[in-house]
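Below are the chains, spelled out letter by letter.
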Amino acid sequence: MKYRLLLFLLFSFCLSGYSQTENKKYDKLLADSLGGDDYGMKTYILVLLKTGTNKTEDKKVLDSLFKGHMETIGRLVSNGKLIVAGPLGKNDKAYRGIFILNVKSIEEANALLDTDPTIKDKVLEAELFKWYGSAALPTYLPNHEKIEKEKM
């Protein structure tokens, strides 16, 4: 039975390649400028930020670190390196937020994260993963500026 299922899945996968059609709206210049592959996708680095080992409760210290955190976010956005950022709701994993970095390697991502004071001082810690997503993702930030009524 498992052998038949495996054959069925393999056969289905092979047939799926024959049903692909060319996208009539394809814009090669745009795809190339965004680094998209034939599927309009590319690799990013997904960062899960979680509560770190530094448990300081000094409000002045935390305010200073998080001010630096927000400045780092702004700088990385301005440089085109950070294309998604945001906090997560309460959860049992101590995850605090996410970044999607527009870089090719974990090493390059770590170098950028090392400039964030909350990560340097271990108030936040980062888990990094390669992530394959739409190459158009960086184009959402300019549109976000057009729909935010108030800046954070």
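Check the entry above for the structure.
A short tour of the structure in this document, coming up. (Residues numbered from 1 in each chain as written. Predicted model: local features only at pLDDT ≥ 70, side-chain atom pairs only at ≥ 80, totals over all residues. Heavy atoms only, no water.)

## Here's the deal with the pairing of strand S1 (residues 41-51)
Relative to strand S4 (residues 124-134), S1 is paired through 11 bridges, and the arrangement is antiparallel. Counterpart to lysine 50 in the pairing with S4 is glutamate 125. Summarising the sheet, S1 and strand S3 (residues 95-101) pair through 6 bridges and their orientation is antiparallel. Bridging from a neighbouring strand, leucine 49 pairs with glycine 97 of S3. (Pairing = 2+ DSSP bridges. Helix = DSSP H or I, 4+ residues; strand = E, 2+ residues; numbered from the N terminus.)

## What to know about the sheet that holds S4
As a general point, the strands of a sheet are linked pairwise by backbone hydrogen bonds and lie either parallel or antiparallel. What the 4 strands build is an open sheet, ordered S2-S3-S1-S4; its pairing is antiparallel. The open sheet has two edge strands with one neighbour each: strand S2 (82-87) and S4. The mean inter-strand angle of the sheet, taken between neighbouring strand axes irrespective of direction, is 20 degrees. (Axes fitted to C-alpha atoms, helices over the stretch in contact; angles between N-to-C directions.)

## Quick notes on the layout of surface pockets
Over the atoms rolls a probe the size of a water molecule, and in doing so it shows where empty space is left. Quantified by volume, the second largest pocket comes out at close to 430 Å³. Around the second largest pocket, the lining comprises 17 residues; the ones closest to its centre are Asn23, Tyr26, Asp38, Tyr39 and Gly40. Tallied by class, the residues present in the lining of the second largest pocket amount to 7 nonpolar, 5 polar and 5 charged. (1 Å grid on protein atoms, 1.4 Å probe; cavity = no way out; pocket = protein on both sides within 12 Å on 5 of 7 lines; lining within 4 Å. Points joined across faces, edges and corners; volume = space filled by probe spheres on them. Nonpolar A, V, L, I, M, F, W, Y, C, P; charged D, E, K, R; others polar.)

## Overview of the packing of aromatic side chains
Applying the stated rule across the entire model yields 1 aromatic pair. Centroid distance tyrosine 44 to tryptophan 131: 5.8 Å. Interplanar angle 35 degrees. Geometry classified as tilted. Within this pair, whereas tyrosine 44 is found in strand S1, its partner tryptophan 131 is found in strand S4, the two being separated by 87 residues in sequence. Of the residues examined, tryptophan 131 reaches a relative accessible area of 31% and is grouped as partly exposed. (Phe/Tyr/Trp six-rings, centres within 6.5 Å; stacked < 30°, edge-to-face > 60°. Buried < 20%, exposed > 50% of the residue type's maximum accessible area, 1.4 Å probe, protein only.)

Nothing here speaks to function; it is all geometry.
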